[in-house]
Amino acid sequence: MTTATTRQGWGTTLRPRAKVLPEHARAHHRSMVLQQLFHEGPVSRADLARATGLTRVTVSDLVSSLVADGLVAELGVRTEGRVGKPANLVGLRTDAFRIVAVDLADDERMHGAVLDLAGQVVERRSAPHGSTGQAGVDALVAFCRSLVEAATEPVLGVGIGSPGVVDGGGRVAQAPNRGWYDVPLADVVGAALGVPVHVANDANTAVLGELTFGGGEGSGLMVLTVGEGVGAGIVLDGALVQGHRDAAGEIGHVTVVDERDDHGTAPLGRALPCACGRTGCLETVLSVPALRRRVAGLDRAGADAALAAVGRRLGIVLAPVVSALNLSEVVLSGPAELLDGPLRDAALAAVRERTMPVISDDLSLRMTSLGEEGALAGAAVLVLSGQLGVT
Ligand SMILES: [Zn+2]
């Protein structure tokens, strides 16, 4: 089958430097049609033309090629009573292909799944990481191969959410806890398996998952992932924000406890050493291990107060970010028993207190609706986006 190989599907571009070639326009139109079918379900060619603004001829031509690729099926004549002649419906064959999704964020094990194109998990597996460096890459390749082999339909691609800094081409610039530095992970795994592979930072996959499957809004969405570490992924004006050196969203290592310059950080105690080599980072107070240590042995009221103190500090960190980017939603992904309560309430109150009403009066600060599935859903979106232009 012919699939778009561009990895630019997440973004819109200002100041384009090269002219749009006919094949790019065609790939773009093809993804518009797929996007419509993905989100709206079966429709007629006339509906597709209306929704996309493409001509009937262009739509018919694209649909024919998508039917030839096996991605779209003719579903017969619409039976509901409408004026005019009955229309033939076409729909995405969500069950005809599989996506392999892998989440590497957990320090203990790799988690993976085989999904259909609608994001439904049909097979789930996990395996230990193996050692760091090349041995870790080898273990990942073997794990991905086992998932590809478990798929009962052709595999559209493999999506991998990795910790660390990952560029738009799937090269891991640095993932210290995996021992990966400048590893072209997408190319290495892709060459070994013979299928397209897309790799992105795990917080970036989380925000793509929230956007596509979690009901997130694309105008200004941040997902804050809280686990062993703390990271964030941002979608702004419909595009994933990568940043100058692909490290956008790394707010886990912003200093929040600074004993030399104590602006109300006293309730959080001393500045603790961080995995990054510095002290007092957001991660040292907000990571799951840090939160568990903070509430250990406290009664309910004490634990609530301790979580609220961390939440207030989080809100102070978020306020300038929410203001600078004019976000509409901040989504927390992590254990609800720690995050969803006094911590979330105090964070939202602090953001509201420190920003203009036009910025924050309708800001939503909520828990993810995807639960544990968020990371895998996001890794699947890497493939939907990279191969079909669908998010
Ligand atoms: Zn740090």
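Residues numbered from 1 in each chain as written. Predicted model: local features only at pLDDT ≥ 70, side-chain atom pairs only at ≥ 80, totals over all residues. Heavy atoms only, no water.

Asks: Would you mind going over the pattern of salt bridges with me for this structure?
Replies: Close approach of charged atoms lets side chains of opposite charge pair. Applying the stated criterion across every chain yields a total of 14 salt bridges. The residue Glu 74 makes a salt bridge to Arg 45 at a minimum N-O spacing of 2.7 Å. Taken together, the positions of Glu 74 in strand β2 (residues 72-77) and Arg 45 in helix α2 (residues 45-52) put the pair 29 residues apart, joining distant regions of the chain. Judged by relative accessible area, which is 44%, Glu 74 ranks as partly exposed. One salt bridge connects Glu 210 with Arg 366, and the closest N-O pair in it is separated by 3.1 Å. Here Glu 210, found in helix α6 (residues 202-213), pairs with Arg 366, found in strand β16 (residues 364-367); they are 156 residues apart in sequence, far enough to count as distant. A residue is classified by how much of its surface remains accessible, and Arg 366, at 19% relative accessible area, is buried. One continuous salt-bridge network, built from bridges that share partners, spans Glu 210, Glu 329 and Arg 366. (Salt bridge = Lys/Arg side-chain N within 4 Å of Asp/Glu carboxyl O. Helix = DSSP H or I, 4+ residues; strand = E, 2+ residues; numbered from the N terminus. Buried < 20%, exposed > 50% of the residue type's maximum accessible area, 1.4 Å probe, protein only.)

Asks: Looking at this model, I keep getting lost on the nonpolar core. Mind explaining?
Replies: A general trend in soluble globular proteins is that nonpolar side chains are found buried together. Counting residues in hydrophobic clusters, the biggest one holds 38 residues, and the most contacted among them are Leu 224, Leu 282, Leu 286, Leu 314 and Leu 318. In terms of residues, this core owes the most to one element, helix α9 (residues 300-325), which gives eight residues. Apart from residues lying up to four places away in sequence, Leu 224 is in contact with Val 230, Gly 231, Ala 232, Ile 251, Leu 286, Leu 314, Val 331, Leu 332 and Ser 333. Leu 37, Leu 54, Ala 96 and Leu 115 belong to the second largest nonpolar core, which has 31 residues in total. (Core = buried A, V, L, I, M, F, W, Y, C linked by side-chain atoms within 4.5 Å. Contact = heavy atoms within 4.5 Å.)

Asks: So what exactly am I meant to see when it comes to the pairing of strand β11 (residues 197-201) here?
Replies: On a regular strand, one side chain projects to one face of the sheet and the next to the other, so that they alternate. Taken across its five residues, β11 has five buried, putting it largely inside the fold. For strand β7 (residues 155-162) and β11, the ladder comprises five bridges, and the chain directions are parallel. Looking at the pairing, Ile 160 lines up with Val 199 of β11. (Pairing = 2+ DSSP bridges.)

Asks: For this particular structure, what's the right way to read the sheet that holds β7?
Replies: Sheet strands line up and pair through hydrogen bonds in the backbone, either parallel or antiparallel. The sheet built from five strands is open, its strands ordered β6-β5-β4-β7-β11 with mixed pairing. Of all the strands in the sheet, just β6 (121-128) and β11 have a single pairing partner and so form its edges. This sheet shows a mean twist of 15° between the axes of neighbouring strands, independent of strand direction. Across the sheet, helix α4 (residues 134-150) lies against β4 (98-103), β5 (109-116), β6 and β7, angled at about 25° from β5, the strand it touches most. The sheet strands contacting helix α5 (residues 185-193) are β7 and β11, and the helix crosses β11 at an angle near 155°. (Axes fitted to C-alpha atoms, helices over the stretch in contact; angles between N-to-C directions.)

Asks: Hey, could you run me through the packing of α2 against helix α3 (residues 56-68) in this one?
Replies: A pair of packed helices can be characterised by two numbers: the angle between their axes and the separation between those axes. Contact geometry for α2 and α3: axes closest at 9 Å, N-to-C directions at 115°. When the axes of α2 and α3 are compared, the crossing they make is right-handed. Mapping the contact onto sequence places Arg 45, Ala 46, Leu 48, Ala 49 and Thr 52 in α2 and Arg 56, Val 59, Ser 60 and Val 63 in α3. Of the residues assigned to the contact of α2 with α3, the class counts are five nonpolar, two polar and two charged. (Left-handed = near helix turned anticlockwise from the far one by under 90°. Nonpolar A, V, L, I, M, F, W, Y, C, P; charged D, E, K, R; others polar.)

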